[in-house]
Amino acid sequence: GAIQDYTKVLKLNPNHEYAYTTRGEIKASLEDFKGAIQDYTKAIERNPNDSFAYVLRASAKSSVMDSKGALRDLSKAIEIDPDYEYAYLSRANKQYELKDYEEAIKDYTKLIEIDPRNYQAYRSRGSSKSGLKDPKGAILDYTKSIEINPNEAFTYVLRGNKKSDIKDHDGAIK
């Protein structure tokens, strides 16, 4: 299969960064995350400025519950490419998952600076503010997310819950 073909490529050219990255992606799709991490590491050794390989390795590390390693890789990807939207989103989501809401908010805010129309960043920043017990801040971000994408039903639910929390029951049902 495909893994064997990429292995052959690497026997012919052991420095073929793309072959390591692609074989890693295939291994990750087969849930061989440790094998994927090894391949991404080899790709990074061959090209330490490949921000995409760091993001891929971070995803694989998350799958084996190495959150700190994932955060380090995402930070490295951002260091290499300071406007890498997906790296900011992934790092912010990981920080949110770890309940580090303040750091998550910083990354969601940076993502919004890069792409002011990113409704997911507003929604997720709102959820981080909710985690910090800031319902009014959360409502503002949920509202902005809805303005950008009024067809995202889940954001209405989140906003309604926060309005209910602050006893804005009329606003919660509108």
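See above for the structure.
Residues numbered from 1 in each chain as written. Predicted model: local features only at pLDDT ≥ 70, side-chain atom pairs only at ≥ 80, totals over all residues. Heavy atoms only, no water.

Draft legend 1. A look at the environment of S51. With respect to the element layout, S51 can be found in helix α4 (residues 51-63). Along the primary structure S51 and Y84 are separated by 33 residues, whereas in three dimensions their C-alpha atoms are 8.4 Å apart. If we skip the residues at most four places from it in the chain, S51 touches A77, I80, D81 and Y84. (Helix = DSSP H or I, 4+ residues; strand = E, 2+ residues; numbered from the N terminus. Contact = heavy atoms within 4.5 Å.)

Draft legend 2. Fine view of the nonpolar core. One finds V55, A77, Y84, A87, Y108 and L111 to be the most contacted residues of the largest nonpolar core, which totals 21 residues. Of all the secondary structure elements, the ones that give two or more residues to this core are α4, α5 (67-80), α6 (85-97), α7 (101-114) and α8 (119-131). Setting aside anything within four residues of it in sequence, one finds A77 in contact with S51, Y54, V55, Y84 and A87. (Core = buried A, V, L, I, M, F, W, Y, C linked by side-chain atoms within 4.5 Å. Buried < 20%, exposed > 50% of the residue type's maximum accessible area, 1.4 Å probe, protein only.)

Draft legend 3. Spotlight on the packing of α6 against α7. Relative to each other, α6 and α7 sit at 160°, their axes nearing to 8 Å. Relative to α7, the element α6 is oriented roughly antiparallel. Judged by the twist between their axes, the crossing of α6 over α7 is left-handed. Note on element contacts: α7 touches α6 through Y101, E103, A104, D107, Y108, K110, L111 and I114, opposite E85, Y88, L89, R91, A92, N93, Q95 and Y96. Along the lines of polarity and charge, the residues of the contact of α6 with α7 split into nine nonpolar, two polar and five charged. (Axes fitted to C-alpha atoms, helices over the stretch in contact; angles between N-to-C directions. Parallel < 35°, antiparallel > 145°, perpendicular 65-115°, else oblique. Left-handed = near helix turned anticlockwise from the far one by under 90°. Nonpolar A, V, L, I, M, F, W, Y, C, P; charged D, E, K, R; others polar.)

Draft legend 4. Main features of α6. The end-to-end C-alpha separation of α6 is 18 Å, in line with the 18 Å expected for 13 residues at 1.5 Å each. Within α6, burial applies to A87, Y88, L89, S90, R91, A92, K94 and Q95. Elements that come into contact with the buried residues of α6 comprise α4, α5 and α7. Following α6 by one or two positions, K99 has its phi on the positive side, about 65°. (Expected span 1.5 Å × (residues − 1).)

Draft legend 5. Representation of the pattern of salt bridges in the model. The full count for this structure, using the stated rule, is 14 salt bridges. The shortest N-O distance in the salt bridge between D39 and R23 comes to 2.7 Å. Taken together, the residues D39 in helix α3 (residues 33-46) and R23 in helix α2 (residues 17-29) connect sequence positions 16 residues apart. No difference in accessibility class separates D39 from R23, as the two residues are buried. Two residues, R123 and E152, come together in a salt bridge whose shortest N-O distance is 3.3 Å. Residue R123 is found in helix α8, and its partner E152 is found in the loop between α9 (135-148) and α10 (153-165); the two are separated by 29 residues along the sequence. Judged by its relative accessible area of 16%, R123 falls in the buried class. Counted as one network, the salt bridges with shared partners bring together R23, K27 and D39. (Salt bridge = Lys/Arg side-chain N within 4 Å of Asp/Glu carboxyl O.)

Draft legend 6. Spotlight on the packing of α7 against α8. Close contact between α7 and α8 brings their axes to 9 Å; oriented N to C, the two are set at 160°. On the basis of their axis angle, the class for α7 and α8 is roughly antiparallel. When you trace α7 past α8, the crossing you get is left-handed. Listed contacts from α8 to Y101, A104, I105, Y108, T109, L111 and I112 of α7 are A121, Y122, S124, R125, S128, K129 and G131.

Draft legend 7. Focus on unusual backbone geometry. Positive phi is not limited to glycine here, since M65 has a value of about 65°. Inspection of the secondary structure assignment puts M65 in the loop between α4 and α5. Owing to a relative accessible area of 70%, M65 belongs among the exposed residues under this scheme. Of note, K99 is a non-glycine position whose phi angle comes to about 65°, a positive value.

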